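# Understanding the architecture of this molecule
Next come the chains, spelled out residue by residue.
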Amino acid sequence: MALSSGWLVACASGQGRIDMAVPGMATGAGVGAAVACAAVVALLSAVLALYGPPLDAVLERAFSLNKARSIKDMKNTFQLVRNIIPPLTTKKHKGQDGRIGIVGGCQEYTGAPYFAAISALKVGADLSHVFCTQEAAPVIKSYSPELIVHPVLDSPDAVQDVEKWLPRLHALVVGPGLGRDDGLLRNVKGILEASKARDVPVVIDADGLWLIAEQPALIQGYQKAVLTPNHAEFRRLSEAVLRDPLDSSDPHGAVLRLSQALGNVTVVRKGERDVISDGRQVLECSQEGSSRRCGGQGDLLSGSLGVLVHWALLAGPEKTDGFSPLLVAAFGACSLTRQCSHQAFQKHGRSTTTTDMVAEVGPAFARLFES
Ligand SMILES: NC(=O)C1=CN([C@@H]2O[C@H](COP(=O)(O)OP(=O)(O)OC[C@H]3O[C@@H](n4cnc5c(N)ncnc54)[C@H](OP(=O)(O)O)[C@@H]3O)[C@@H](O)[C@H]2O)[C@@H](O)CC1
Ligand SMILES: Nc1ncnc2c1ncn2[C@@H]1O[C@H](COP(=O)(O)OP(=O)(O)OP(=O)(O)O)[C@@H](O)[C@H]1O
Ligand SMILES: [Mg+2]
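Below is a summary of the structure that appears in this document. Note that this is a predicted model, so its numbers are computed, not measured. (Residues numbered from 1 in each chain as written. Chains lettered and ligands numbered in written order. Predicted model: local features only at pLDDT ≥ 70, side-chain atom pairs only at ≥ 80, totals over all residues. Heavy atoms only, no water.)

### Considering the overall build of the protein
Scanning the protein for helices and strands turns up 14 helices and 12 strands. Counting across all 371 residues of the protein, residues that qualify as buried make up 54%. In the protein, of all internal contacts separated by at least 6 residues, the share reaching a separation of at least 24 is 65%. A total accessible area of about 16,300 Å² is found for the protein, and carbon and sulfur atoms account for 53% of it. (Helix = DSSP H or I, 4+ residues; strand = E, 2+ residues; numbered from the N terminus. Buried < 20%, exposed > 50% of the residue type's maximum accessible area, 1.4 Å probe, protein only. Contact = heavy atoms within 4.5 Å. Areas by Shrake-Rupley, 256 points an atom, 1.4 Å probe, with all protein chains shown as cover.)

Set out below in structure tokens:
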């Protein structure tokens, strides 16, 4: 809606973009004009209170690129995420929108692989497989009938058992709830090598990053890998790969350097702001999240990213306008996770847990990418 004598104000609300026209600025003079101005300011304030901050302010918070790109670029980056999302049509068969594997789940940790696997489904994957230890399998199965659970990770044939599924998987998320048992990590090393040999994209998180810090050569130069370290994991990786204490004064540079040292593997450093780099460009995502730091939010991110990586690679660089598809996928997963956190917190406040965030994946996805 637009009025010829009015202002067009663009706001981002929970429901997406809302255009509102504010009439009356062209006619007033003197006191009349001042009153009209005050009225417009009051009206705008009320509108902003109702619908949230202006779109540009939302985007400014959500994005920055080497501090030099304009708000137009920020809008474009959300658009690039939209570009990689496959259309829902009646012509597809089950599996086409994503068959994602999660490698993780052991005696101690069953929640993490569940959060990653269910998030992949909620984002839009068709099938989610969990490869976990024998003991963890019945527990993970009992959380959800939607997951396909393979109790193979601690078997002597673990690598072959997972390898036979690789031709049918579009991406693998390695590490949520894996634990650090030496035997399990040896099997995961074999699974990573098999995935690289078959060109399967991998997202490496949590204890998968512990393995990479021990043996960076495992992932060196693999262009279909994304690492998603939290604060502690980033420090560990940086110190192992760069052999220097972490420089906390330059967060963008630190991520850029780690990515470069790993041969342009994409790195997503999670934190108050998420910093993403492929060793060439740096993106920052500070989409409004929440102050709740309950466990499992990173698992939601890595599971979502598994799907988005598949979609981005399928869409290809022509849809991502020169950006690396993995960079766009990572930006999408970070903004989605933070938006889930924001929405869940609005409903549940301090009692928010990752289960509440999983329930927000659909609405948050629609708000960010489908409105
Ligand atoms: N429900 C489940 O099953 C879940 C299972 N999970 C699984 O647990 C496994 C281990 O993963 P992880 O992330 O706990 O391991 P790790 O790298 O040792 O970091 C822990 C230490 O790092 C520190 N620290 C962290 N952040 C920091 C910060 N911002 N700033 C400063 N310090 C920070 C912090 O140190 P502290 O404060 O305790 O001294 C903390 O003790 C893994 O398999 C994972 O998937 C989780 O996914 C959650 C849900
Ligand atoms: N201080 C913060 N403020 C706002 N958002 C944050 C903050 N720290 C992390 N996040 C967000 O929380 C999500 C998970 O990041 P986090 O660092 O908690 O991962 P994690 O430790 O691997 O989680 P998990 O408990 O699943 O292992 C990311 O989307 C990140 O952007
Ligand atoms: Mg984690």
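Following the structure, the description resumes.
### Let's talk about the pairing of strand β5 (residues 127-132)
By the criterion of burial, β5 is predominantly enclosed, with 5 of the 6 residues buried. With helix α4 (residues 111-123) bridging strand β4 (residues 99-103) and its parallel neighbour β5, the resulting β-α-β unit is right-handed. In this structure, β5 lies alongside strand β6 (residues 148-151), joined through 4 bridges in parallel fashion. Counterpart to valine 130 in the pairing with β6 is valine 149. Chirality of the crossover, the property in question, places the unit of β5, helix α5 (residues 137-143) and β6 among those that are right-handed. (Right-handed = clockwise from strand over helix to strand, strands pointing away. Pairing = 2+ DSSP bridges.)

### Some details on the site of ligand 1
Taken together, 17 residues lie near ligand 1, and Ala112, Gly177, Asp207, Arg236 and Asp299 sit nearest. The separation between an oxygen atom of ligand 1 and a polar side-chain atom of aspartate 207 is 2.4 Å. Taking asparagine 230, its side chain carries an N or O atom lying 3.2 Å from an oxygen atom of ligand 1. A total of 920 Å² of accessible area belongs to ligand 1 in isolation, and the protein chains cover 50% of it. Residue assignment for the shell around ligand 1 shows that the elements contributing at least two residues are α4, α8 (206-214) and α9 (231-242). The element contributing the most residues to the shell around ligand 1 is α9, with 4 residues. (Near = heavy atom within 4 Å. Polar contact = N/O pair within 3.5 Å; in protein donor to acceptor, adjacent residues only side chain to side chain.)

### Details of the layout of surface pockets
In this structure, the largest pocket occupies an estimated 820 Å³ of space. In terms of lining residues, the largest pocket is bounded by 35 residues, among which Asn230, Lys270, Arg293, Gln297 and Gly298 are the most central. Put simply, the parts of the chain that give the lining of the largest pocket at least two residues each are α8, α9, α11 (297-315) and α12 (325-348). Across the lining of the largest pocket, the residue classes break down as 8 nonpolar, 15 polar and 12 charged. (1 Å grid on protein atoms, 1.4 Å probe; cavity = no way out; pocket = protein on both sides within 12 Å on 5 of 7 lines; lining within 4 Å. Points joined across faces, edges and corners; volume = space filled by probe spheres on them. Nonpolar A, V, L, I, M, F, W, Y, C, P; charged D, E, K, R; others polar.)

### Description of the site of ligand 2
Taken together, 15 residues are adjacent to ligand 2, and Lys270, Asp274, Gly296, Gly298 and Arg338 come closest. Here an oxygen atom of ligand 2 and a backbone polar atom of glutamine 297 are 3.3 Å apart. A total of 620 Å² of accessible area belongs to ligand 2 in isolation, and the protein chains cover 79% of it. Assessed atom by atom at 2 Å from the grid points, ligand 2 resides in the largest pocket. At the level of elements, α11 and α12 are the ones that each hand at least two residues to the shell around ligand 2. Per-element accounting of the shell around ligand 2 gives the leading share, 4 residues, to α11. For the shell around ligand 2, the residue count by class is 1 nonpolar, 8 polar and 6 charged. (Sits in = over half its atoms within 2 Å of the grid points.)

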